[in-house]
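Below, each chain spelled out in residue letters.
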Amino acid sequence: MPMLLHAILTRLIRHGRLTVRFPDGQERRYEGGPGPEAAMAIATGRAQRRLVLNPALAMGELYMDREVEPLGCSIYELLDVLVTNVWSGGAHPGERLMAGLRLARRRVDQLNPAARARRNVAHHYDLNGRLYALFLDRDRQYSCAYFPRGDETLEEAQAAKKRHIAAKLRLDRPGLHVLDIGCGWGGMALTLARDWGARVTGITLSEEQLAVARQRAEEAGLSGQVRFELMDYRAWREPVDRIVSVGMFEHVGIDHYRTFFRRVREALKPDGVALIHAIGRSSGPGSTNPWLAKYIFPGGYAPALSEVVPAVEKAGLWITDLEVLRLHYALTLREWRRRFAANRDAIQALYDERFCRMFEFYLAGCELSFRRTDHMVWQLQLAREKEALPLTRDYMFEAERAPPRQPVSA
């Protein structure tokens, strides 16, 4: 098995350099053209076998269990070498086989009826609320921020994201009823109500998020304007003027896309507008990394637009605008990773060392997926009627630049 892993790494590393210390103490260096550099120690023969047979699952688990350790570098730097080479054509026969199996069974993995959807949400979003306060921005926006210049603080970029989305919703008059599907801790809903005069209903499957969102609405004096409910999107029946969904579509499941967009269309009034913001991939249909699916987002999947657009068309909706954000999530995750590191001792006190290593692996791997692979974020603006929006996109730019509580008519 050591020689097999050696042969695999020899073929895999085409860019940069990877130094590996094997369990017997022997060190080998693998290198190609210019690229990132890192080193790692493999502690056990078991770890070697697992890196040969199923590396996409094993690497994260071995790091969590200290059977793989970065040497003189961070887990981010180590993963940078590996991810860069996998995505530049480096070959790993074990991973190629496992990726094919994951692709074949992904519809089964993503079956997501309401009861399973609630369990999946609870797995990640019902963790100790203090955890998220220690690495997110003050508004607890747990989705891609928006960096118009690229040097904004996290707080500035998350505020810019909310304004960017609000502009696309065309909140051109106060009192519009907005349905926020997957409302998180309520930040988007409260912002739309406070700054744009909207009446908002936020729905979530997370009991932890629901409690925090309701408390925030009460403290902000917005309980009469914003309400939050524990509800699956499939149960919603009331017609609304606008729909917004940020960072929730990744949890819908590919078998349910037609149902999702059909529900969006049914909920929108004839002149209604929806904005769906989600993670996607640019290279076509794929499957979720098995470690991420097991430990972080069970049932989650970032779809290619080629998988999403047919469901929109079948639902009878107009795609009135599409924007792809390429590196914004990499910048967001970099800030989350920095804040997590700065508060690591406090987070370890909430959980333990293994949990911290799990989260470090998650944040580093996700950032690299946006820097080195095909991942991106897409925003789809949708309408029932072609006349629902102005002829040009000027209204978006005007609304985005307007001061709060100054609705702009196009």
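The preceding data block contains the structure.
This write-up is about the structure you can find in this document. (Residues numbered from 1 in each chain as written. Predicted model: local features only at pLDDT ≥ 70, side-chain atom pairs only at ≥ 80, totals over all residues. Heavy atoms only, no water.)

### Some details on the overall build of the protein chain
In terms of helices and strands, the protein chain carries 18 helices and eleven strands. Taking all 410 residues of the protein chain together, 58% fall into the buried category. Within the protein chain, residue pairs in contact and separated by at least 24 positions form 71% of the contacts whose partners lie at least 6 positions apart. When the accessible surface of the protein chain is totalled, it reaches about 17500 Å², and 52% of it is carbon and sulfur. (Helix = DSSP H or I, 4+ residues; strand = E, 2+ residues; numbered from the N terminus. Buried < 20%, exposed > 50% of the residue type's maximum accessible area, 1.4 Å probe, protein only. Contact = heavy atoms within 4.5 Å. Areas by Shrake-Rupley, 256 points an atom, 1.4 Å probe, with all protein chains shown as cover.)

### Let's talk about helix α10 (residues 187-196)
Across the ten residues of α10, nine count as buried, placing the element largely inside the fold. Among the residues of α10, those classed as buried are G187, M188, A189, L190, T191, L192, A193, D195 and W196. Positive backbone phi, approximately 70°, marks G197, located one or two places after α10.

### Concerning the packing of helix α2 (residues 45-53) against helix α3 (residues 55-64)
As a packed pair, α2 and α3 sit with axes 6 Å apart at the nearest point and diverge in direction by 145°. The element α2 and its partner α3 pack so that their crossing is left-handed. Taken together, the residues of α3 that come into contact with α2 (itself represented by R46, A47, R50, L51, V52 and L53) are P55, L57, A58, M59, E61 and L62. Here the residues of the contact of α2 with α3 sort into nine nonpolar, no polar and three charged. (Axes fitted to C-alpha atoms, helices over the stretch in contact; angles between N-to-C directions. Left-handed = near helix turned anticlockwise from the far one by under 90°. Nonpolar A, V, L, I, M, F, W, Y, C, P; charged D, E, K, R; others polar.)

### Regarding the side chain of K162
Mapped onto the elements, K162 comes out in helix α9 (residues 154-169). When its relative accessible area of 9% is taken as the criterion, K162 is described as buried. When residues no more than four places from it in sequence are discounted, the contact partners of K162 are D139, Q141, G187, M188 and T191.

### Examining the pairing of strand β2 (residues 27-31)
In the sheet, strand β1 (residues 15-21) pairs with β2 via five bridges, with the strands oriented antiparallel. Of the residues in β2, the one forming a bridge with V20 is R28. What sits between the antiparallel neighbours β1 and β2 is a turn of five residues, in which G25 has the positive phi angle 90°. (Pairing = 2+ DSSP bridges.)

### What about the packing of aromatic side chains?
What the rule picks out here adds up to 25 aromatic pairs. Seen from their ring centres, F340 and F359 are 5.6 Å apart, and the 5° between their planes marks the pair as stacked. Here F359 lies in helix α17 (residues 353-372) and F340 lies in helix α15 (residues 328-342), a separation of 19 residues in the sequence. Across the pair, F359 and F340 agree in class, each one buried. In this structure, R170 is placed above the aromatic ring of Y395, and the distance from its NZ or CZ to the ring centre is 5.9 Å. Positioned above the aromatic ring of Y63 is the side chain of R357, whose terminal nitrogen or guanidinium carbon lies 4.1 Å from the ring centre. (Phe/Tyr/Trp six-rings, centres within 6.5 Å; stacked < 30°, edge-to-face > 60°. Lys NZ or Arg CZ within 6 Å of the ring centre and 35° of its normal.)

### Describing the nonpolar core
Y142, W291, F359 and Y362 are the most contacted members of the largest nonpolar core, which has 67 residues in total. For this core, the element with the most residues is α17, which contributes eleven residues. Counting 31 residues, the second largest nonpolar core, distinct from the first, contains Y233, I243, F260 and L317. (Core = buried A, V, L, I, M, F, W, Y, C linked by side-chain atoms within 4.5 Å.)

### Some details on the environment of L62
Position of L62 relative to the elements: it lies in helix α3. C-alpha of L62 to C-alpha of R50: the two residues are twelve residues apart in sequence and 8.8 Å apart in space. Excluding anything up to four places from it in sequence, L62 contacts R46, A47, R50, L51, E67 and V68.

### What to know about helix α4 (residues 75-86)
Compared with the 16 Å implied by 1.5 Å per residue over twelve residues, the 16 Å span of α4 between its first and last C-alpha is a close match. With ten of twelve residues buried, α4 lies mostly within the body of the structure. Along α4, the residues classified as buried are I75, Y76, L78, L79, D80, V81, L82, V83, T84 and N85. (Expected span 1.5 Å × (residues − 1).)

### Re a nonpolar patch on the surface
A surface patch of nonpolar side chains, about 210 Å² in accessible area, is lined by I319, L322 and V324. Looking at where L322 falls in the secondary structure, it is placed in strand β10 (residues 318-325). Exposure remark for L322: the relative accessible area of 42% places this residue in the partly exposed category. (Patch = residues over 30% accessible without salt bridge, like charges linked within 9 Å, V, L, I, M, F, W, Y side chains within 5 Å. Salt bridge = Lys/Arg side-chain N within 4 Å of Asp/Glu carboxyl O.)

Geometry only, nothing functional implied.
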